[in-house]
Amino acid sequence: NAGVTQTPKFQVLKTGQSMTLQCAQDMNHNSMYWYRQDPGMGLRLIYYSASEGTTDKGEVPNGYNVSRLNKREFSLRLESAAPSQTSVYFCASSVSGKETQYFGPGTRLLVL
Amino acid sequence: GQQLNQSPQSMFIQEGEDVSMNCTSSSIFNTWLWYKQDPGEGPVLLIALYKAGELTSNGRLTAQFGITRKDSFLNISASIPSDVGIYFCAGQLGETSGSRLTFGEGTQLTVNP
């Protein structure tokens, strides 16, 4: 099992450009999450999907959209990137009812 | 929203020393988790605590779920260089699918050989 995988690993964008961060898990988990990590601020939840077909806002959803494409895949889209979205983005997944979250390796995004 | 205060923010210790870090919250949590993040990697779960007062060990790591359900601590005994990394506490309210984690700000641990 690969666990949670994320693509790309690194990305540089110009202000106003759009991009989609991809996440996939092969553990048959129901719930998936997107976090951003900024220095000195821990991890903050952007959006989550409790199960296939549902998505909900987290703590910092502004400027982002998500799609739960199927049970395996949960993508995060930046429609018009801003420098404030420079961060490291982590995807995670967990089994319904047993909330140990498993994290992917992260995507490092720089918005110029 | 809920906030977790994690301390200390950073620690510089000698190999072989014991380490202690803790998290406190203004809110009650039903689950406390401790993660470690190596440079360039995602967080990895170290210990999960599900019951107030619970004390759980994982090798040289020991963590406790505070009786008030508003705090937790993590101890590392006899530290080694590979213990270097950022340690995060996380609290969780519910047990239902999609229940959110609230993370502390992290403790950066440096171990000098």
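None of the values given here were measured: they were computed from a predicted structure. (Residues numbered from 1 in each chain as written. Chains lettered and ligands numbered in written order. Predicted model: local features only at pLDDT ≥ 70, side-chain atom pairs only at ≥ 80, totals over all residues. Heavy atoms only, no water.)

(A) Representation of the state of the cysteines within the structure. Residues and elements named next belong to chain A. For the coordinates displayed, the defined rule picks out two disulfides over all chains. Here C23 engages in a disulfide with C91; their sulfurs sit 1.8 Å apart. Between C23 and C91, the S-S dihedral sits near -70°, and the bridge is therefore left-handed. Highlighted residues: C23 in strand β3 (residues 19-25) and C91 in strand β9 (residues 87-95), separated in sequence by 68 residues. (Disulfide = S-S within 2.5 Å. Helix = DSSP H or I, 4+ residues; strand = E, 2+ residues; numbered from the N terminus.)

(B) Here's a closer look at the nonpolar core. Ranked by size, the top nonpolar core spans 21 residues in total, and within it B:W32, B:W34, B:L74 and B:L109 carry the most contacts. At the level of elements, β2 (10-14), β3 (19-25), β4 (31-37), β5 (44-49), β7 (61-65), β8 (71-76), β9 (85-92) and β11 (107-112) of chain B are the ones that each hand at least two residues to this core. A:L21, A:W34, A:F74 and A:V111 belong to the second-largest nonpolar core, a separate cluster that totals 20 residues. (Core = buried A, V, L, I, M, F, W, Y, C linked by side-chain atoms within 4.5 Å. Buried < 20%, exposed > 50% of the residue type's maximum accessible area, 1.4 Å probe, protein only.)

(C) The pairing of strand β5 (residues 43-49) of chain A, seen in detail. Residue and element names in this part refer to chain A. Among the seven residues of β5, seven are classified as buried, and the element is accordingly described as predominantly covered. Two strands pair when backbone bridges link them, and strand β4 (residues 31-37) and β5 are joined in this way by six bridges, in the antiparallel orientation. Within β5, the residue paired with M32 across the bridge is S49. Adjacent in sequence and paired antiparallel, β4 and β5 are bridged by five residues, among which G40 carries a positive phi angle near 75°. Where β5 meets strand β6 (residues 56-57), two bridges bridge the pair, whose relative direction is antiparallel. (Pairing = 2+ DSSP bridges.)

(D) Local environment of the sheet that holds β3(A). Residue and element names in this part refer to chain A. If you walk across this open sheet you meet the four strands as β1-β3-β8-β7, and the pairing is antiparallel. Of all strands in the sheet, those with a lone pairing partner are β1 (4-7) and β7 (65-68), marking the two edges. If you compare each strand with its neighbour and ignore which way they point, the axes differ by 15° on average. Where β1 lies against β3, four bridges are found, and the strand directions are antiparallel. When the bridges of β3 are listed, V4 appears paired with Q25. (Axes fitted to C-alpha atoms, helices over the stretch in contact; angles between N-to-C directions.)

(E) Main features of the sheet that holds strand β1 (residues 4-7) of chain B. Residue and element names in this part refer to chain B. Spatial strand order, β1-β3-β8-β7-β6: five strands in an open sheet with antiparallel pairing. The outermost strands of the open sheet, each flanked by one partner alone, are β1 and β6 (55-58). Within this sheet the neighbouring strands show an average axis-to-axis angle of 15°, counted without direction. Relative to β8, β3 runs antiparallel, the two being bridged by six bridges. Each bridged residue has a counterpart across the sheet, and for C23 the counterpart in β8 is S72.

(F) Representation of a nonpolar patch on the surface within the structure. All names here are of chain A. On the surface, a cluster of nonpolar side chains totalling about 280 Å² of accessible area is made up of V12, L110 and L112. For L112, the position within the fold is in the segment after β11 (107-111). Under the relative-accessibility criterion, L112 is labelled exposed at 57%. (Patch = residues over 30% accessible without salt bridge, like charges linked within 9 Å, V, L, I, M, F, W, Y side chains within 5 Å. Areas by Shrake-Rupley, 256 points an atom, 1.4 Å probe, with all protein chains shown as cover. Salt bridge = Lys/Arg side-chain N within 4 Å of Asp/Glu carboxyl O.)

(G) Main features of the pattern of salt bridges. Counted by the stated rule, this structure contains five salt bridges over all chains. Between B:D83 and B:R60 there is a salt bridge, with its nearest N and O atoms 2.8 Å apart. Of this pair, B:D83 sits in the loop between β8 and β9 while B:R60 sits in the loop between β6 and β7; the two residues are 23 residues apart in sequence, bridging distant segments of the chain. Classification of B:R60 as partly exposed rests on a relative accessible area of 27%. Residues participating in the shared-partner salt-bridge network are A:R36, A:D38 and A:R44.

Spatial relationships are all this shows, so hold off on functional conclusions.
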